[in-house]
Amino acid sequence: MTDDLQEQAIKDLQLMVACPSYCDEEHAEEGAPFGPGIAKCLDTTLDIFEKNGFSTYKDPKGYYGYAEIGEGTETLAVLCHLDVVPAGDLADWNTDPFKATLIDGNLALVGRGVQDDKGPTMMALYALKAVTEGTGLVPNKKIRFIFGTDEETLWRCMDHYNAEQPQADMGFAPDADFPLIYAEKGLLQAEMVGPKVTDYTVTGGSALNVVPNKAQYIGPKAKEVAQALEKLGYDYKQVDDSTIEVYGKAVHSKDAPEGINAITRLAEALATIYDDPMIQLLGKTVKADANGVTLVGDVEDEVSGKLTFNIATIQCDANGSKVGIDLRIPVTVDKDELVHRLSEKLEANGLEYSEVDYVASLYVPQDSTLVKNLLEVYRDYTGDMEEPLVSGGATFARTMNNCVAFGPFFPYSDNTEHQANETLDLKEMRQAMDIYAEAFYRLAFKE
Ligand SMILES: [Zn+2]
């Protein structure tokens, strides 16, 4: 790597950040299914790669694009995404989120997307340039940068890509941590559905990927509910004569056992008063179980650990009772078998199972050539012998065979993605670029 290449990476990253590429389907148009910001970012990015000697392709419907260099029968994929989460409350930002700004005496860059995932995309591009520029080296396979456009929402971009384009032979997603992530659990989101409840309502939770930190009861037996909660020793507040709020601790669903689930805590109290099937199941059977043992048995494997099971949302009222759940399934476990067991358990309790979304797991064995090579690059460069990682989170690596998540963040990096003042440390950026350059060299240039 050179200072000059890093400077070019920063300049082009600033062009990308200037496109407010959050999902805006209200303003979707032909060729721009996720709105104008994402469409502009796709065009801008393809221009940047073209300027650097790549041939490019843009999906006419606007779901994805790619940029390719090199010849050969094999393809190495670099899986990137151009969309970002919205800026959130502008008052929380010290700078304009869509104007990437150098701070701290030019030691860091702030702006939406500098960490996730525009910065890593530019790091990988200019790391590859470091290998080719002025060296006469030519890759022995195709290197294809694939640009997804709705990673932060529903991954429809990669559904289109995979329906229309060939699979790569190997690859990596620069969208997570070093050393690398070789296993990501399967992700299942579903609903448990049951009969209506009369004369009270229960609500709680806001998103399937978060452990709910608040649940609410409204009904005529608030006093009894309060007494039951008092007995259980749970954190709650009686808001008025008919309203009780129970509190928990929010964490990401993938870490569900580390949170405190406000919904199941409230259900434990309600189950001593009401005998509706949903409340009984949550309050008498599930309780604080965040590994699903009470519903599907003890599920774990050696590679990726235990199943996590989050009771994420609840709505029980005169229309019915509905509970949203989020399961992170160990990589070697059969999902259909698991769903079968869960459905049977629910049916036995007068409830039904209904699937919302499923994303299959990622698993590339540790003794594969890809993992061995990338791990060696990281270890040679850093001297850090940390073992490769397993994650409950999700990257595009799982959309393609033989792909892993590889960097760009170090065990000591400050993770600010999705937050206000998203910041890229330029020293770490340079280190990651050095690692990517070596990885490209070993995977696609060395004989
Ligand atoms: Zn990302």
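Residues numbered from 1 in each chain as written. Predicted model: local features only at pLDDT ≥ 70, side-chain atom pairs only at ≥ 80, totals over all residues. Heavy atoms only, no water.

## A closer look at the coordination of the zinc ion
Ligation of the zinc ion by protein atoms is provided by His-81 (NE2), Asp-116 (OD), Asp-175 (OD) and Asp-175 (OD), these donors lying 1.9 to 2.4 Å from the ion. For the zinc ion, the 4 donor atoms are set out with angles of 53 to 138 degrees between them, so the coordination reads as irregular. Written as a sequence motif, the donor arrangement for the zinc ion is H-x34-D-x58-D. You can see Asp-116 sitting in the loop between β5 (108-110) and α3 (118-132) and its partner Asp-175 sitting in the loop between β7 (170-173) and β8 (176-177), a full 59 residues away along the chain. (Donors = N, O, S within 2.8 Å, 3.2 Å for Na, K, Ca; no water. Tetrahedral: all angles 85-135°; square planar, octahedral: opposite > 155°, others 65-115°. Helix = DSSP H or I, 4+ residues; strand = E, 2+ residues; numbered from the N terminus.)

## A short note on unusual backbone geometry
The omega torsion of the bond from Asp-116 to Asp-117 falls at 5 degrees, within 30 degrees of zero and hence cis. Within the secondary structure layout, Asp-117 lies in the loop between β5 and α3. The omega angle of the peptide bond from Phe-178 to Pro-179 is 0 degrees, so this bond is cis rather than trans. On the secondary structure map, Pro-179 appears in the loop between β8 and β9 (181-184). In this structure, Asp-104 takes a positive phi of about 50 degrees despite not being glycine. Within the secondary structure, Asp-104 is located in the loop between β4 (101-103) and β5. Look at Trp-155: it is not a glycine, yet its phi comes out positive at around 65 degrees. Counting through the fold element by element, Trp-155 comes out in the loop between β6 (142-148) and α4 (156-164).

## Description of the pairing of strand β12 (residues 214-218)
Every second residue of β12 is oriented toward a common face, the buried set being Ala-215 and Tyr-217 and the non-buried set Lys-214, Gln-216 and Ile-218. In this structure, strand β11 (residues 201-204) lies alongside β12, joined through 4 bridges in antiparallel fashion. Looking across to β12, one finds that Val-202 is bridged to Tyr-217. Judged from the 5 bridges that link them, β12 and strand β14 (residues 243-247) form a sheet pairing that is antiparallel. When the sheet's bridge partners are listed, Lys-214 is paired in β14 with Tyr-247. (Buried < 20%, exposed > 50% of the residue type's maximum accessible area, 1.4 Å probe, protein only. Pairing = 2+ DSSP bridges.)

## Things to note about helix α5 (residues 222-232)
Ala-222, Val-225, Ala-226, Ala-228 and Leu-229 are the residues of α5 that are buried. Summarising the axial view, the buried residues of α5 lie within an arc of 160 degrees, below the 170-degree limit, and thus occupy one face. Residues of α5 that are exposed and angled more than 90 degrees away from the buried face: Lys-223, Glu-230 and Lys-231. Among the structural elements, β12, β13 (236-240), β14 and α6 (262-270) are those in contact with the buried residues of α5. Gly-233 lies just past α5 and shows a positive phi near 80 degrees. (Arc of directions from axis to C-beta. Contact = heavy atoms within 4.5 Å.)

## Here's the deal with the domain arrangement of the protein
One can read the domain layout of the protein as domain 1 (3-185 + 362-444) and domain 2 (186-359). For domain 1 and domain 2, the distance between their C-alpha centroids amounts to 36 Å. In this assembly, 11 residues from domain 1 lie in contact with 12 residues from domain 2. Between domain 1 and domain 2, roughly 880 Å² of surface is buried when both sides are summed, and carbon and sulfur atoms account for 69% of that area. The largest contributions to the domain 1 side of the interface with domain 2 come from Lys-185, Tyr-363 and Gly-392, which together make up 59% of the buried area. Where domain 1 meets domain 2, there are 0 salt bridges. At the junction of domain 1 with domain 2, the criterion picks out 1 residue pair in polar contact (both at pLDDT 80 or more). Top contributing element to the side of domain 1 that touches domain 2 by residue count: β9, with 3 residues. Counted by class, the side of domain 1 that touches domain 2 contains 6 nonpolar, 2 polar and 3 charged residues. (Domains from an automatic or database assignment. Buried area = accessible area lost by both parts, 1.4 Å probe. Salt bridge = Lys/Arg side-chain N within 4 Å of Asp/Glu carboxyl O. Polar contact = N/O pair within 3.5 Å; in protein donor to acceptor, adjacent residues only side chain to side chain. Nonpolar A, V, L, I, M, F, W, Y, C, P; charged D, E, K, R; others polar.)

## Structural notes on the nonpolar core
Among the nonpolar cores identified, the biggest contains 84 residues, and Phe-145, Phe-406 and Phe-440 are the most heavily contacted of them. Sorting elements by how many residues they give to this core places helix α11 (residues 426-444) first, with 11 residues. Split by domain, the residues of this core number at least three in each of domain 1 (3-185 + 362-444) and domain 2 (186-359). Leaving out residues up to four positions away in the same chain, Phe-406 has contacts with Phe-172, Ala-173, Pro-174, Asp-177, Phe-178, Pro-179, Leu-180, Leu-374, Tyr-378, Ile-435, Tyr-436 and Ala-439. (Core = buried A, V, L, I, M, F, W, Y, C linked by side-chain atoms within 4.5 Å.)

## So, helix α9 (residues 335-348)
The terminal C-alpha atoms of α9 lie 20 Å apart, and with 14 residues this matches the ideal 20 Å at 1.5 Å per residue to within 8%. Burial in α9 covers these residues: Lys-335, Leu-338, Val-339, Leu-342, Ser-343 and Leu-346. In an axial view of α9, the angular spread of the buried residues amounts to 135 degrees, which keeps them on one side of the axis. The exposed set on the far side of α9, more than 90 degrees from its buried face, consists of Glu-347 and Ala-348. Where α9 terminates, the next one or two residues include Gly-350, which has phi positive at roughly 75 degrees. (Expected span 1.5 Å × (residues − 1).)

## Topic: the sheet that holds β12
A sheet is described by the order of its strands in space; here 8 strands give the open sequence β13-β14-β12-β11-β17-β18-β10-β19, paired in antiparallel fashion. Of all strands in the sheet, those bounded by a partner on one side alone are β13 and β19 (352-359). Adjacent strand axes in the sheet meet at a mean angle of 20 degrees when their direction is disregarded. Against the sheet, α9 makes contact with β10 (186-194), β17 (308-317), β18 (320-329) and β19, and its axis sits at roughly 155 degrees relative to β19, the strand it touches most. (Axes fitted to C-alpha atoms, helices over the stretch in contact; angles between N-to-C directions.)

## Re the pattern of salt bridges
All told, the structure shown has 22 salt bridges when counted by the stated rule. Across the salt bridge formed by Glu-184 and Arg-398, the nearest N and O atoms sit 3.0 Å from each other. In this pair, Glu-184 is assigned in strand β9 and Arg-398 in the loop between β21 (389-391) and β22 (403-405), connecting sequence segments 214 residues apart. On the basis of relative accessibility, which here comes to 9%, the residue Arg-398 falls in the buried class. When the shortest N-O distance is used, the salt bridge between Lys-254 and Asp-255 registers 3.5 Å. Within this structure, Glu-376, Asp-380, Glu-438 and Arg-442 form a network of salt bridges that share partners.

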